[in-house]
Amino acid sequence: MSTPLAPSRHGGNAASLPVRILRHGRYETGLMLRNGEQLVLAVVLPLLALVGLTLVDVLDGVGPTRIDAAAPGVLALCVVSTAFTGQGIATGFDRRYGVLTFLSTTPLGKAGLIFGKAVAVLCVLALQVVLVSAVALVLGWRPDPAGILAALPLLLLGTAAFTSLGLLIAGTVRPEATLAITNLAWVLLAAAGGLLLPADRLPGALSALVGFLPSAALGDGLRAALMDGVLPLGPVVVLLLWAVAAGAAATRWFKWT
Amino acid sequence: MSSSTPALTVDGLRKDFGPIAALDGRMVRVLHGIHLRAEFGAVTTLLGTNGAGKSTTLACAQGLLKPDGGTVSLLGHDPYRAGSEIRSRVGVMLQDGGLPPSVRPAALLKHVAGMFRTPEDPVALMARLGIDEFAHTPIRRLSGGQKQRVALAAALVGRPEAVFLDEPSAGLDPQSRQTVFELIRELRDAGLAIVLTTHLMDDAQRLSDYVYIIAGGRNVAEGTVAELTSHEPTEARVLELAAEGRLAADPGLTAAGLTVHPDGDGRVRIAGISTTAHLSAVTAWLERRGVLPTALSMQPRTLEDVFLHLAGGSAADSAGRPLDPPGAPDHRNRRLPQEQATPLEQRPNGTA
């Protein structure tokens, strides 16, 4: 009987909502950074893509130099790695193990859980952007200074759209299926979804179709921003529509158990 | 510390699952109007076989599931709509734990504590439950009993006024079980309302102030442990008979307070035979049905018979179905005999 175990007895005992969200964000950031597979997906593969794209000629003619054309696409790939694939898989397994149910019984609640995850995705993405940008600068990247500010809303919109899509999949199918779908989508979107290669570089019909994907909107948008210093309207609208639609679908169909 | 207002009241709780594809898209009713009441400073137990509806009842009481009928009041609020302030006053231990496999107990409990304004000290709580020995081992590598203690600590770290414990002794070795039971009694003495589920008679007997026996999604008996264990005539027998053809109860038999429990292979059991009048009712029933049994024997009543009699025939029968045919006697005030202190699994064969 060393510990007195008495109820708090003064009504509610919940920490405030911002505190709960930030603490859950910090906790989930730690989990993501300690997960080896997620680090490969979030850091190693994007850096390999960055270096690889400066060694081959697929991006020749897209920008002033290969690295100028490659870096924005790799930043877009980082968004898909963390917000979509990594987050989707983690949430899918949390759902399987009842972790989502348990946490939703604590003061964190469902809203705190979602916003906390969003905070964690943004923290990890910030680290990815710093790391990829540093390596790209060493490789000779010279982004348009005016475009850096324009890249921010694109990254945020892309994060919102891909986080919602990841949660939609994680909340509706088995975690093994989530794992397969999000990994396959990562490969397909990286190769032919407008992330690393501009959508207009793809063969005819595919090119038009891919232009409406959130991946192409993010990739092409970031390339326009960081190479030409503009915030292109088309990609912003496409990303906004995907974020709203996927957010609404996830809210509607996400199953907690 | 007990208060006149109960921590939890549940009335007429109904819950349907489905549509179930395997049943042509029909809904299955799993709770048929459950009622219960949990006071502060008391351990309230839901006792029943697997699939009886205990966990579904708890999920509705915790606000995890939306009831399809009836009312639930937790700390004076509808738990399904309750916000973080109500959740902060309630601790929940889920049956499967709900623990993240890659996280270490110390980190998890620190994180959960961070959701509260004035939590319990996680380090002291871990020491109390013996978690400190494996505080830095990932949860996936813990034994079932160790996970169980971590889940209990996670339910208590916010210093709740009411706690829900779904099968708290599952997987525990005798020593951890003792630790957990002591803690539960201490929490009760500190004024908490404790609602737990178990399928073990022994747990119910040792911990509970008030027991609700649930079967087939219905209340079948309730009372204090003393009430439930003191009055059942222990000389009650079970009549087993075998016959060709269908043997269903008729109003004449049910009027005598007897119900028929098919065992398969044309055998049936009729529990609660304690007077010669009961025996006459059975033979009169056989006469009305025109059935001459091929075998007929009286058996002493075992623990399992008592429980299954209350639980409505067989454990496999209990999920999502009504217990008894219409017109069956109300079991609400039936008593459990003393022998039920033994867990079902350790029932001595053929003796009571």
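Treat the numbers as computed from the prediction; the structure is a model and nothing was measured. (Residues numbered from 1 in each chain as written. Chains lettered and ligands numbered in written order. Predicted model: local features only at pLDDT ≥ 70, side-chain atom pairs only at ≥ 80, totals over all residues. Heavy atoms only, no water.)

Q: Give a detailed account of the domain arrangement of chain B, specifying residues and quantitative values.
A: Taken domain by domain, chain B comprises domain 1 (8-89 + 160-228) and domain 2 (233-300). In this structure, domain 1 of chain B and domain 2 of chain B have C-alpha centres spaced 34 Å apart. (Domains from an automatic or database assignment.)

Q: Summarise the interface of chain A and chain B; cite the residues concerned and give the values.
A: On the side of chain B, 42 residues touch chain A, which itself brings 30 residues to the contact. Interface area for chain A against chain B, summed over the two sides, is near 3,400 Å², with a carbon-plus-sulfur share of 59%. Applying the counting criterion to the chain A and chain B interface returns 12 residue pairs in polar contact (both at pLDDT 80 or more). Breaking the side of chain A that touches chain B down by element, the ones donating at least two residues are α1 (17-34) and α4 (99-105) of chain A. Taken together, the residues of the side of chain A that touches chain B sort by class into 14 nonpolar, 13 polar and three charged. (Contact = heavy atoms within 4.5 Å. Buried area = accessible area lost by both parts, 1.4 Å probe. Polar contact = N/O pair within 3.5 Å; in protein donor to acceptor, adjacent residues only side chain to side chain. Helix = DSSP H or I, 4+ residues; strand = E, 2+ residues; numbered from the N terminus. Nonpolar A, V, L, I, M, F, W, Y, C, P; charged D, E, K, R; others polar.)

Q: Just give me the short version of the pairing of strand β1 (residues 8-20) of chain B, but keep the residues and values in it.
A: Residue and element names in this part refer to chain B. Of the strand pairs in this sheet, β1 and strand β2 (residues 26-38) are connected by nine bridges, and their pairing is antiparallel. Within β2, the residue paired with Val-10 across the bridge is Leu-36. Linking β1 to β2, which pair antiparallel, is a turn of five residues; within it Asp-24 sits at a positive phi near 55°. Sheet topology note: the β1/strand β4 (residues 69-74) ladder contains five bridges and is antiparallel. For Leu-8, the partnering residue across the bridge sits in β4 and is Leu-74. (Pairing = 2+ DSSP bridges.)

Q: Which residues make up the packing of helix α3 (residues 66-96) of chain A against helix α5 (residues 109-138) of chain A, and what values do they have?
A: In helix packing, the relevant descriptors are the interaxial angle and the interaxial distance, both defined with respect to the helix axes. Residue and element names in this part refer to chain A. Relative to each other, α3 and α5 sit at 150°, their axes nearing to 10 Å. For the element pair α3 / α5, the angle class is roughly antiparallel. Here the hand of the crossing between α3 and α5 comes out right-handed. Touching Ile-67, Ala-71, Val-74, Leu-75, Cys-78, Val-79, Ser-81, Thr-82, Ala-83, Gln-87, Thr-91 and Asp-94 of α3 are Lys-117, Val-121, Val-124, Leu-125, Gln-128, Val-129, Val-132, Ser-133 and Ala-136, all from α5. Per-class residue counts for the contact of α3 with α5 are 13 nonpolar, six polar and two charged. (Axes fitted to C-alpha atoms, helices over the stretch in contact; angles between N-to-C directions. Parallel < 35°, antiparallel > 145°, perpendicular 65-115°, else oblique. Left-handed = near helix turned anticlockwise from the far one by under 90°.)

Q: So, the packing of aromatic side chains: which residues are in play, and what are the values?
A: Residues and elements named next belong to chain A. What the rule picks out here adds up to four aromatic pairs over all chains. A ring pair is formed by Phe-84 and Phe-162, whose centres lie 5.9 Å apart and whose planes are at 75°; its orientation type is edge-to-face. With Phe-84 in helix α3 and Phe-162 in helix α6 (residues 145-170), this pair connects stretches of sequence that are 78 residues apart. Residue class for Phe-84 comes out buried when judged on its relative accessible area of 5%. (Phe/Tyr/Trp six-rings, centres within 6.5 Å; stacked < 30°, edge-to-face > 60°. Buried < 20%, exposed > 50% of the residue type's maximum accessible area, 1.4 Å probe, protein only.)

Q: If you had to explain the confidence of the model for chain B to someone new, which residues and values would you point to?
A: Residues and elements named next belong to chain B. With 80% of its residues at a pLDDT of 70 or more, chain B shows a mean pLDDT of 81. Considering each helix and strand of chain B separately, the mean pLDDT is smallest for helix α11 (residues 303-311), with a value of 55, and largest for helix α3 (residues 105-113), with 97. With pLDDT under 50 throughout, residues 313-352 is counted as low confidence; its partners more than four residues away or in other chains account for 98 contacts. The ipTM assigned to the predicted complex is 0.88, against a pTM of 0.78. (pLDDT = per-residue confidence, 0-100.)

Q: Provide a residue-level description of the pattern of salt bridges, including the pertinent values.
A: Where charged atoms of side chains with opposite charge meet at close range, the side chains can pair. Evaluated as defined, the whole model comprises 17 salt bridges over all chains. Residue Lys117(A) pairs with Asp94(A) through a salt bridge whose shortest N-O separation is 3.8 Å. One end of the pair, Lys117(A), is in helix α5; the other, Asp94(A), is in helix α3, with 23 residues separating them in the sequence. When its relative accessible area of 3% is taken as the criterion, Lys117(A) is described as buried. A salt bridge links Asp16(B) to Arg29(B), with the nearest nitrogen and oxygen atoms 2.7 Å apart. Residue Asp16(B) is located in strand β1, and its partner Arg29(B) is located in strand β2; the two are separated by 13 residues in the primary sequence. Overlapping salt bridges bring together Glu28(A), Asp94(A) and Lys117(A) as one network. (Salt bridge = Lys/Arg side-chain N within 4 Å of Asp/Glu carboxyl O.)

Q: Lay out unusual backbone geometry with the relevant residues and their values.
A: Residues and elements named next belong to chain B. Of note, the bond from Gly-18 into Pro-19 is cis; its omega dihedral lies within 30 degrees of zero at 0°. Within the element layout of this structure, Pro-19 appears in strand β1. Positive phi outside glycine occurs at Arg-159, with the angle close to 50°. Relative to the elements of secondary structure, Arg-159 occurs in the loop between α5 (144-156) and β6 (162-166). In this structure Arg-159 comes out as partly exposed when scored by relative accessible area, which is 22%.

Q: Account for a positive patch on the surface, with residues named and values stated.
A: Judged by side-chain charge, Arg34(A), Arg104(B), Arg140(B) and Arg141(B) come together as a positively charged surface patch. Looking at the secondary structure, you find Arg104(B) in the loop between β5 (90-93) and α3. The class of Arg104(B) is partly exposed, set by a relative accessible area of 40%. (Patch = residues over 30% accessible without salt bridge, like charges linked within 9 Å, V, L, I, M, F, W, Y side chains within 5 Å. Areas by Shrake-Rupley, 256 points an atom, 1.4 Å probe, with all protein chains shown as cover. Lys, Arg positive; Asp, Glu negative; His and termini not counted. Charge placed at Lys NZ, Arg CZ, Asp CG, Glu CD.)

Q: So what's going on with the nonpolar core? Which residues, and what values?
A: Residues and elements named next belong to chain B. Formed by 77 residues in total, the largest nonpolar core has its most connected members in Leu-8, Phe-164 and Ile-194. The dominant element in this core, judged by the number of residues it contributes, is α5, at seven residues. Contacts of Leu-8, omitting those with residues within four sequence positions, involve Leu-36, Arg-37, Ala-38, Ala-61, Val-72, Ser-73, Leu-74, Phe-164 and Val-195. (Core = buried A, V, L, I, M, F, W, Y, C linked by side-chain atoms within 4.5 Å.)

Q: Residues and numbers for the sheet that holds strand β9 (residues 218-223) of chain B, please.
A: One key point about sheets: their strands pair by backbone hydrogen bonds, in either a parallel or an antiparallel sense. Residues and elements named next belong to chain B. The sheet built from six strands is open, its strands ordered β5-β6-β7-β3-β8-β9 with mixed pairing. The open sheet terminates on both sides in strands that have one partner only, identified here as β5 and β9. Averaged over all neighbouring strand pairs, the angle between strand axes comes to 15°, with direction disregarded. Across the sheet, helix α6 (residues 174-189) is in contact with β3 (42-47), β6 and β7 (193-198); its angle to β7 comes to roughly 145°.

Q: Please set out the packing of helix α2 (residues 36-55) of chain A against α5(A) residue by residue, giving values where relevant.
A: All names here are of chain A. Where α2 contacts α5, the two axes come as close as 11 Å, and the packing angle between them is 25°. When the interaxial angle is binned, α2 and α5 end up roughly parallel. As for the relative orientation of α2 and α5, their crossing is right-handed in sense. Counting all contacts with α2, which are made through Ala-42, Val-43, Leu-47 and Leu-50, the residues of α5 involved are Gln-128, Leu-131, Val-132, Val-135 and Ala-136. Class assignment for the residues of the contact of α2 with α5 results in eight nonpolar, one polar and no charged.

Q: Account for α1(A), naming residues and giving values.
A: Along an α-helix, residues three or four positions apart point the same way, because every turn accommodates 3.6 residues. Taking 1.5 Å of rise per residue, 18 residues should cover 26 Å, and α1(A) covers 26 Å from first to last C-alpha, within 8% of that figure. Here the buried face of α1(A) lies against α2, α3, α4 and α5 of chain A together with α2 (84-87) and α3 of chain B. (Expected span 1.5 Å × (residues − 1).)

Q: Describe the pairing of β6(B), and please don't skip the residues or the numbers.
A: Residues and elements named next belong to chain B. For β6, the buried fraction is high: five of the five residues fall into the buried class. Of the two faces of β6, both are covered, the one formed by Ala-162, Phe-164 and Asp-166 as well as the one formed by Val-163 and Leu-165. Sheet topology note: the β5/β6 ladder contains four bridges and is parallel. If you follow Met-93 over to β6, its bridge partner there is Leu-165. Alignment of β6 against β7, held across five bridges, turns out to be parallel. Bridge pairing in β7 links Asp-166 to Thr-197. Between β6 and its parallel partner β7, the chain crosses via α6, and the hand of that crossover is right-handed. (Right-handed = clockwise from strand over helix to strand, strands pointing away.)

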